[in-house]
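Residues per chain are reported as follows:
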Amino acid sequence: MRLNLIMTLRANILLLPLLFTMQPHTACFAQSADIIFTNGKIFTSDTTKLYVQALAIKGNKILKVGTNFSIEKLASSKTKKINLQGKTVVPGFNDAHDHLAWLIPTGQSFNTEFSVPGPSKDAVIDSLSGLVQKAAPNQWILGTIGLTVFNDTTVRRRLLDSIAPNNPLALLIMWGHGIIANSKALMEVNIADNAADPLSGWYEREPQTNKLTGVLYEGSEFPIWQAITVAEPFRTIKALRAHAAEQLKLGITTVQNMSASLQGNAARRIFKQANLLVRTRIIAMPSATSKGRDLAEWNSAPKTIIPLTYISGIKYVIDGTTLEQTALKSKPYPNRPNWYGRLNYPVDTIRQILKEALTSNRQLMMHIVGDSTIGIVLKLMKEIGSDEQWKNKRVRIEHGNAVVSEDAVKKVSDMGIVLVHTPQYGTGSPLQKWLATGIPLAIGPDATINPYLSILTMTTQQRDPKENLTREQAVIAYTKGSAYAEFKEKEKGTLSKGMVADLAVLSQDIFTIPAEQLPSTSSILTIIDGKIVYDKFSNKNQ
Ligand SMILES: [Zn+2]
């Protein structure tokens, strides 16, 4: 690095006098910090020095970390001095997999508490009938369901049409892998009665007529999601800001958003207006028609929406979940002797997606759940690229639960694939084995936003207790690991000199408190890009 600098200076020899004349002016400001923290237990996520006492910030960067003595020297009369009084500080958490604007309260809607069976048919009909009374003409009517209603073939388009003939209505599985829509909703998004399946999903059809029943699987849901999300934009923006406020209270400073509900231009429009304080990476999730993937809006500019909100990477949902029995597995599903699940895309499309990842700089992320799906994808990757080529691409597998077999673990490690672990449905994942094999690990709780609940899960609840992480490992994966998972580990994720100043002062010491107290942790002071964005602490403790 230093050598490069010397060479640059030599090359720009004419600039040297200018640089020297500038030096006296900059020197008197350069060492004075804007904010200093002292007397802390500062966890850096930097394995060369995991804990330090004090830290200085200048502008949007960390100027220095070290002892109280070395940091106090950087203070001037203008420096904001914060005595941490022993409090624990961590690099801001980087939630590597969230779904912003998912299940926003748009139109007339009912929400039920998260459960796999979800509400009964009667309860759903009851709620919908009430909402129809209140709905304005053409306003969306929405509700969340689980498998009880989704698997009940009497709750289909016809029944929903009889309840809401004049309003678009959609019942959404609360974890996102299925919708039941009425006729008006299908019309709203231009899905015809006899439409061909899109490349990324499929429609359920009536056996006799082949007409759509209103059930939409996987990628075929995208148009409905977007229609809902843009229907009442002010409510979407309000929900995004409320979510960000929640994140700041928890010490989350970056979120990586899987943008299925908003395609490129709509995402640009909504996120520009939302103007969120949390660093937000928007990851393309292209919708598709029967003719192919819709990439144009994601390929176009701009990629930076506001300085802290940027578009990068691309995500594909390669198979479904075991709950709807849509993930592709090597063994048949219980009580369905010949049903192994399926892929969302044809194998040729998956090969094409992988080739695009190999020949471009757009990072590829794949949701993969079934063990057969992981086998197919890893085999295709080995066929089309070398391990070294793949390592540079940092392909991500979201959730990672499928990476269990020796063979899969080895291939993932060989190709430098990043596993984005989802704690609450990854308790069977061999976390220590992954780390021991050198697999880069990031944390993406998939819309369960409390990082301390995730840390509790990862450190105490793995089915094989040997696979539990230590709390330090969990925090490193959640900060440095998630930054690596977006090619930004040289910019953020550790508290060390030159990194952006993104950090959280915590309400309690997450490294020593009893495990069961972890979920009640919050941030008492959150800094993003050198600015205090949430503060319940510093004014009382300067
Ligand atoms: Zn997800």
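In this text, all values refer to a predicted model and were calculated from it rather than measured experimentally.

Caption draft 1: Spotlight on the overall build of the chain. A tally of helices and strands in the chain yields 18 helices and 27 strands. Computed over the C-alpha atoms, the radius of gyration of the chain is 25 Å, within 12% of the 24 Å expected from 2.2 N^0.38 for a compact globule of 542 residues. Overall, the chain is about 85 × 55 × 55 Å in size when its C-alpha atoms are taken along their principal axes. Going through the 542 residues of the chain one by one, you find that 55% of them count as buried. In the chain, the proportion of contacts linking residues at least 24 apart, taken out of those at least 6 apart, comes to 70%. Summed over all atoms, the accessible surface of the chain reaches about 23300 Å², with 55% contributed by carbon and sulfur. Charged side chains in the chain number 60 positive and 45 negative. The centres of these two groups are separated by 8 Å.

Caption draft 2: Broad picture of the sheet that holds strand β6 (residues 80-83). Strand order in the open sheet formed by four strands is β5-β4-β1-β6, with mixed pairing between adjacent strands. Either end of the sheet is taken by a strand with one partner, and the two such strands are β5 (61-66) and β6. When the angles between neighbouring strand axes are averaged without regard to direction, this sheet yields 15 degrees. One ladder, built from four bridges, connects strand β1 (residues 35-38) with β6; its direction is parallel. The partner of I36 across the bridge, within β6, is K81.

Caption draft 3: Examining unusual backbone geometry more closely. That bond from A301 to P302 is cis: its omega, -5 degrees, falls within 30 degrees of zero. Counting through the fold element by element, P302 comes out in the loop between α11 (296-299) and β19 (304-306). The backbone of S45 shows a phi angle near 65 degrees, a positive value even though the residue is not glycine. Inspection of the secondary structure puts S45 in the loop between β2 (41-43) and β3 (51-52).

What counts and what doesn't
Residues numbered from 1 in each chain as written. Predicted model: local features only at pLDDT ≥ 70, side-chain atom pairs only at ≥ 80, totals over all residues. Heavy atoms only, no water. Helix = DSSP H or I, 4+ residues; strand = E, 2+ residues; numbered from the N terminus. Rg over C-alpha atoms; globule rule 2.2 N^0.38 Å. Buried < 20%, exposed > 50% of the residue type's maximum accessible area, 1.4 Å probe, protein only. Contact = heavy atoms within 4.5 Å. Areas by Shrake-Rupley, 256 points an atom, 1.4 Å probe, with all protein chains shown as cover. Lys, Arg positive; Asp, Glu negative; His and termini not counted. Charge placed at Lys NZ, Arg CZ, Asp CG, Glu CD. Pairing = 2+ DSSP bridges. Axes fitted to C-alpha atoms, helices over the stretch in contact; angles between N-to-C directions.

Any link to function would need more than the numbers given here.
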